[in-house]
Amino acid sequence: MAVLTLALYNTYDVKRLHEAHLRAIARSAPIAYAYGYHLALVGFPLEGKPREVAEEVGSHTTIGEGGRYLLELASRNRFHLLEFPKRGFPPQFGTPVATTRKPSGEKEITPLELAERNLRGESFLLLIGLGRHGLPKEIFKLARYHMDVTGKRVSLETCTAIGAIAVRIVTYREALKWRSGKRTLHG
């Protein structure tokens, strides 16, 4: 089954967990849960199994019903903790896509193209930079594709981008299903 994973790439602080980390995780989990995504944290200063991390993060927030959706993702094996990639991301997450307002022309993929390919069975790891400078340059090189969710080269705040990415791709996917006669809701 094809998977879509929202992957928060930590560029804040790799040694110490900050409030910004906790807020981003807490805000992303309900989005991932509601729209059928997996959620991955890349390079976060967290230790333990996903369930333990979900419980810890949930104890520090009221967002997402006190971490309920992060716990739901963890219990369904849809919450993942990844190290910074040395030579690439684990293949089970699919094709890496750097989300950016400045996609490289030869690597650009639109949200519609991504949705079409996902419906045909391809999984994607949607990399979202968490921090002032977004994704590091080496991740842009490593990613097979670059995607601008707005289609207008507009910069979005991180949590706004997370919601826009998730909703836009799922909306396209649902519209494509509808058009093909496979009328479902989030399935």
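Details of the structure are given in the entry above.
Residues numbered from 1 in each chain as written. Predicted model: local features only at pLDDT ≥ 70, side-chain atom pairs only at ≥ 80, totals over all residues. Heavy atoms only, no water.

1. What to know about helix H4 (residues 111-119)
Turning to step 1, where the next piece is worked out: Of the positions making up H4, those classed as buried are Pro-111, Leu-114, Ala-115 and Asn-118. Angular distribution of buried residues about the axis of H4 spans 100 degrees; they occupy a single face of the element.
Turning to step 2, where the next piece is worked out: Against the buried residues of H4 lie strand S1 (4-10), strand S4 (95-99), strand S5 (124-130), strand S6 (145-147) and helix H6 (158-180).
Turning to step 3, where the next piece is worked out: Looking one or two places after H4, you find Gly-121, whose phi comes out positive at around 110 degrees. (Buried < 20%, exposed > 50% of the residue type's maximum accessible area, 1.4 Å probe, protein only. Helix = DSSP H or I, 4+ residues; strand = E, 2+ residues; numbered from the N terminus. Arc of directions from axis to C-beta. Contact = heavy atoms within 4.5 Å.)

2. A closer look at the packing of helix H1 (residues 19-35) against H6
Turning to step 1, where the next piece is worked out: Relative orientation of the contacting elements H1 and H6 amounts to 5 degrees, with a least axis distance of 10 Å. Taken together, the axis directions place H1 and H6 in an arrangement best described as roughly parallel. Residues Ala-24, Arg-27, Ser-28, Ile-31 and Tyr-35 of H1 form the contact with H6, whose own contacting residues are Cys-159, Ile-162, Gly-163, Ala-166, Val-167, Val-170 and Arg-173.
Turning to step 2, where the next piece is worked out: Class assignment for the residues of the contact of H1 with H6 results in eight nonpolar, two polar and two charged. (Axes fitted to C-alpha atoms, helices over the stretch in contact; angles between N-to-C directions. Parallel < 35°, antiparallel > 145°, perpendicular 65-115°, else oblique. Nonpolar A, V, L, I, M, F, W, Y, C, P; charged D, E, K, R; others polar.)

3. A short note on the packing of aromatic side chains
Turning to step 1, where the next piece is worked out: Applying the stated criterion across every chain, the model contains two aromatic pairs.
Turning to step 2, where the next piece is worked out: Measuring from ring centre to ring centre gives 5.2 Å for Tyr-9 and Phe-84, while their planes differ by 50 degrees; the resulting arrangement is tilted. Of the two residues, Tyr-9 is situated in strand S1 and Phe-84 in the loop between strand S3 (79-82) and S4; the sequence distance between them amounts to 75 residues.
Turning to step 3, where the next piece is worked out: We classify Tyr-9 as buried; its relative accessible area is 5%. (Phe/Tyr/Trp six-rings, centres within 6.5 Å; stacked < 30°, edge-to-face > 60°.)

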